[in-house]
Amino acid sequence: MTLKQQDFKDVDYLWDDDTANQLDPVERLRYRSNLLGADQRITNTGGGNTSSKIKMTDPLSEEEVDVLWVKGSGGDLRTSRRANFASLYMDKFLSLENIYDKAEVKGVKTEIEDAMVDMYRHTTYGLNPTASSIDTPLHGLIPFRHVDHMHPISVIAVAASKDQERLTQEIFEEEVGWVPWQRPGFDLGLVMKEKLKQDPELKGLVMGQHGLINWADDDKACYELTLSLIEKAARYIEKHDKGEKTFGGQKYHSLNEEERDKLLVQLLPKLRGMVSQKNRFIGTVHTTERVLQFVNSGDAPRLAEIGTSCPDHFLRTKIKPLYIDWNPRMESVENLVQKLETGLVRYRSDYAAYYESCKHPNSPAMRDPNPTVILIPGVGLIAWGKNKSESRVTAEFYSLAIEVMRASETISEYQGLPRQEAFDIEYWLLEEAKLQRMPPEKEFARSVVVVIGAGSGIGKATAHRVAAEGAHVVCADLSVEAAGQTADELIKKYGVGIGVAGTGLSGCGPAIALPVDITKRESIRSMFENVVLAYGGLDNVIITAGIFVSPDKQGYIPDDKWALTYAINATGPFLVADEAKRIWQAQGLRTSLVVTTSANAAVAKQGSFAYDTSKAAANHLVRELAIELSPLVRVNGLAPATVVEGSSMFPRDRVISSLTKYNIPFDESESTEALRDKLAVFYAQRTLTKSPITLADQAEMAYLLSSNKFSKTTGQIISVDGGLHEAFLR
Ligand SMILES: [Zn+2]
């Protein structure tokens, strides 16, 4: 049987025989997995798993053996490659049942169940380093060649309904059985095996509160079965659609896009500060029609309180979201902030109570008690995570949970995961061990760093430097094309992350490009507003933008160029600080500002009045801002000298004018780079260290001044000039 897209309206049918038939059996599994993961209605990012039992040659005995290939721990079906699958000898894996059987105490959540996870490694085929997940027994103990375990919206909706067993029977009849909620592990595999023994005709099982598992002896048939079962549930739900009565009908009206952005710009920094008192968070705003239908509804407070059901959703969205009962048409932003403040206090104490009542003697310590999902009528959903990728995943999962609740309330009454079960997932020692194994967070992992002037030179080098420390980097520049190029380089290097969510700018990855003209307050304001909409707030600002207008042979520059030099080099940093101040103060989090000045600020000489005096003003601006913005913001100056390498401050005409000034011989036919090298060597000889000064040297200091390594330094100008005694500050 070959099905086609026409047979489905609720899932994407993507199988292509021509593609699949060119692949080896393991690659066919990878292919099937990618297709399933590509549709969020089939499974969520990182959720679900697939397997194939494949005949392979044993490298030692050279005999043919059965090998279970199954998605490994921490993988994602949509983006999985061969390396994301674990491989286990089937006979060795099945022999583990004897070990399990011999344990005195066994069953779900017993010690032996967790211990089994370590045993999987002993069954590894082909020295495959990919770790097996806790779902491995669900695949290994089912006696069919191919198994799909998905978290489809339509099936979780059935599985999270009050009368889930009856609904399963009504929708799937004899085709699919039902197992009540049980934490995944070896025991759940045995439960499924037993179920299949009792009824060998079963093609799959609805897993209470969790999802779907189904199987076939042919991989394409398994794929088509998965889609058909999901489609069947979706059509049943559609038949019962409640239309305008969904979620008990609409109680509030949405703000229009302009009103919403205006509110978010005001609200997000404040909110970020409130949830980030323990750990800093990055935000994602998700506003779709479906999300709005939920947050504006009469049932939202009741349903939000129940929390999510599928354990995968739940791990990111926490026990429940924080819902704020606020009327977007009648109440003010101040009302909203006040309600958020009291809501957060209540949320944290609810969370502590949940921890206290559910904890076991060996439970890990209580984690951050702040919500990761906040629901606001008229506005939408705001998710918080340790980085952009995670906050996007969290937004994705709660919006999927909204779909689940909508569908479940259409056909029955929605039920969440029981509290104790939720706790036993959240604080599962295996989860804790996974967290402990994660590499330590990088210094700027939870930070948003705005680099002004990121399109070239020191700014571009600095953007790369802070990105290497895990920063979310806003590449701002007068030329948005140049900024865009830097942001693209960063995305290419670090990836866009996982998670499918985020409205408008908020759907971004770890780097974005924004235009800014620092001589215009409105331009700076609009840039910062976009930063807030993209990430929910703002941490460090590093200004590298500057201008040097080459004087003519007599050292003269026109008045308008004199004014422009001051506007960019001195007034610009002030306007940036003044606009950022409002956001910094709303957040109330410690941050830093670095202003690039110049060694020229301290050296009086002939021929560059405007530049040198504007930089002297910038030096003193640093000191005054350090006082003005204390204690929240440290302000320091970085004073480079003559970085010639790749600098937009050294266009050909300036290089030539300098070479002429210092009587350095050159030929007009030489390339700009060659001329720059000549000048760099000359400058190096003037320094105490006799070394050319590079972009990387400047970027390193811009990073260090922003980092905690300089947490006790403010109001200072640090020279990175190779050592120029005439530029020593007194
Ligand atoms: Zn699952």
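In this report, we go over the structure that sits alongside the text. Quick caveat: nothing in here was measured; it's all calculated off a predicted structure. (Residues numbered from 1 in each chain as written. Predicted model: local features only at pLDDT ≥ 70, side-chain atom pairs only at ≥ 80, totals over all residues. Heavy atoms only, no water.)

Notes on the overall build of the chain
Now for step 1: Regarding its fold elements, the chain presents 25 helices and 18 strands.
Now for step 2: Taken across its 730 residues, the chain has 57% of its residues classed as buried.
Now for step 3: Sequence-distant contacts in the chain: of pairs separated by 6 or more residues, those separated by 24 or more amount to 75%.
Now for step 4: For the chain, the exposed surface amounts to about 30,600 Å²; the carbon and sulfur share of it is 53%. (Helix = DSSP H or I, 4+ residues; strand = E, 2+ residues; numbered from the N terminus. Buried < 20%, exposed > 50% of the residue type's maximum accessible area, 1.4 Å probe, protein only. Contact = heavy atoms within 4.5 Å. Areas by Shrake-Rupley, 256 points an atom, 1.4 Å probe, with all protein chains shown as cover.)

Comments concerning the packing of helix α21 (residues 559–587) against helix α22 (residues 609–628)
Between two packed helices, both the angle of their axes relative to each other and the distance between the axes serve to describe the pair.
Now for step 1: Where α21 meets α22, the closest approach of the two axes is 8 Å, and the angle between their N-to-C directions is 15°. The angle between α21 and α22 places the two elements in the roughly parallel class. Here α21 runs over α22; the crossing is right-handed. Of the residues in α22, those touching α21 at Trp562, Thr565, Tyr566, Asn569, Ala570, Pro573, Phe574, Ala577 and Lys581 are Phe609, Ala610, Tyr611, Thr613, Ser614, Lys615, Ala617, Ala618, Leu621, Leu625 and Glu628.
Now for step 2: Residues of the contact of α21 with α22, tallied by class, amount to 13 nonpolar, four polar and three charged. (Axes fitted to C-alpha atoms, helices over the stretch in contact; angles between N-to-C directions. Parallel < 35°, antiparallel > 145°, perpendicular 65-115°, else oblique. Left-handed = near helix turned anticlockwise from the far one by under 90°. Nonpolar A, V, L, I, M, F, W, Y, C, P; charged D, E, K, R; others polar.)

Some thoughts on the coordination of the zinc ion
Now for step 1: Listed as protein donors to the zinc ion are His149 (NE2), His151 (NE2) and His210 (NE2); their distances from the metal cover 2.1 Å.
Now for step 2: Here the donor residues of the zinc ion are spaced in sequence according to H-x1-H-x58-H. Taken together, the residues span a long stretch of sequence, with His149 in strand β4 (residues 146–150) and His210 in the loop between β6 (204–207) and β7 (211–216) at a distance of 61 residues.
Now for step 3: Classification of His149 by relative accessible area gives buried; the value is 0%.
Now for step 4: Taking relative accessible area as the criterion, His210 reaches 3% and is therefore assigned buried. (Donors = N, O, S within 2.8 Å, 3.2 Å for Na, K, Ca; no water.)

What about the packing of helix α7 (residues 164–172) against helix α9 (residues 219–239)?
Now for step 1: α9 packs onto α7 with a crossing angle of 105° between their chain directions and a minimal axis gap of 10 Å. Compared by their axis directions, α7 and α9 come out roughly perpendicular. Between α7 and α9, the contacting residues are Leu167, Glu170, Ile171 and Phe172 on the first element and Leu229, Lys232, Ala233 and Tyr236 on the second.
Now for step 2: For the contact of α7 with α9, a count of residues per class yields six nonpolar, no polar and two charged.

Digging into the pattern of salt bridges
Now for step 1: Here the structure, examined in full by the defined rule, presents 51 salt bridges.
Now for step 2: Salt-bridge contacts for Lys320 lead to Glu305; the nearest nitrogen and oxygen are separated by 2.8 Å. Here the residue Lys320 occupies a position in the loop between α13 (311–317) and β9 (322–323), and Glu305 occupies one in helix α12 (residues 300–306), the gap between them amounting to 15 residues.
Now for step 3: Exposure remark for Lys320: the relative accessible area of 6% places this residue in the buried category.
Now for step 4: In the salt-bridge network here, residues are joined through shared partners; they are Arg521, Arg525, Asp578, Glu579 and Arg582. (Salt bridge = Lys/Arg side-chain N within 4 Å of Asp/Glu carboxyl O.)

With respect to the packing of aromatic side chains
Now for step 1: Under the criterion given, the structure shown has 22 aromatic pairs.
Now for step 2: On the basis of an interplanar angle of 20° and a centroid distance of 5.9 Å, the ring pair of Trp562 and Tyr566 is categorised as stacked. One end of the pair is Trp562 and the other is Tyr566, both in helix α21 and four residues apart, which spans about a single turn.
Now for step 3: According to the relative accessible area criterion, Trp562 is partly exposed, its value standing at 34%.
Now for step 4: Given the relative accessible area of 26%, Tyr566 is considered partly exposed.
Now for step 5: Aromatic ring contacts, followed pair by pair, group Phe8, Tyr13, Trp15, Tyr31 and Tyr223 into a single cluster.
Now for step 6: A cation over a ring is seen here: Arg367 above Tyr427, with NZ or CZ 4.6 Å from the ring centre. (Phe/Tyr/Trp six-rings, centres within 6.5 Å; stacked < 30°, edge-to-face > 60°. Lys NZ or Arg CZ within 6 Å of the ring centre and 35° of its normal.)

Side note on the sheet that holds strand β12 (residues 448–452)
Now for step 1: The strand order β14-β13-β12-β15-β16-β17-β18 describes an open sheet built from seven strands, whose pairing is parallel. The open sheet is flanked by β14 (511–515) and β18 (717–720), the only strands paired with a single partner. Averaged over neighbouring strand pairs, the angle between their axes works out to 20° when direction is ignored.
Now for step 2: As judged from the five bridges shared by β12 and strand β13 (residues 472–477), these two strands associate in the parallel manner. Residue pairing in the sheet places Val448 in a bridge with His472 of β13.
Now for step 3: Each of β12, β13, β14 and β15 (541–543) is contacted by helix α20 (residues 521–535), which is oriented at about 160° to β14, the strand it contacts most.
Now for step 4: Strands β15, β16 (591–596), β17 (633–640) and β18 of the sheet are contacted by helix α25 (residues 695–706), whose axis makes an angle of about 165° with β17. (Pairing = 2+ DSSP bridges.)

Concerning the pairing of strand β5 (residues 176–179)
Now for step 1: Of the two faces of β5, the one lined by Val176 and Trp178 and the one lined by Gly177 and Val179 are each fully buried.
Now for step 2: Bridging between β5 and β6 involves four bridges; their strand directions are parallel. Counterpart to Val176 in the pairing with β6 is Gly204.
Now for step 3: Following the chain from β5 across helix α8 (residues 186–198) to the adjacent parallel β6, one finds a crossover that is right-handed. (Right-handed = clockwise from strand over helix to strand, strands pointing away.)

Regarding the state of the cysteines
Now for step 1: Applying the stated criterion to the full structure yields zero disulfides.
Now for step 2: With no disulfide of its own, Cys222 lies closest to Cys310 among cysteine sulfurs, the gap being 18 Å. (Disulfide = S-S within 2.5 Å.)

Observations regarding the nonpolar core
Now for step 1: In this structure, Ile452, Phe528, Val541 and Leu593 are the most contacted members of the largest nonpolar core, which totals 82 residues.
Now for step 2: Not counting residues up to four positions away in its chain, the partners in contact with Val541 are Val450, Ile452, Phe528, Val576, Trp584, Ser592, Leu593 and Val594.
Now for step 3: If you look at the next biggest cluster of nonpolar residues, it comprises 33 residues, including Met150, Ala159, Leu225 and Ala233. (Core = buried A, V, L, I, M, F, W, Y, C linked by side-chain atoms within 4.5 Å.)

Comments concerning the environment of Ala467
Now for step 1: The topology assignment puts Ala467 in helix α18 (residues 457–468).
Now for step 2: Judged by relative accessible area, which is 6%, Ala467 ranks as buried.
Now for step 3: Each C-alpha atom, one on Ala467 and one on Gly507, is 19 Å from the other, the two residues being 40 residues apart in sequence.
Now for step 4: Apart from the residues lying within four places of it in its own chain, the contact partners of Ala467 are Val473, Leu490 and Tyr494.

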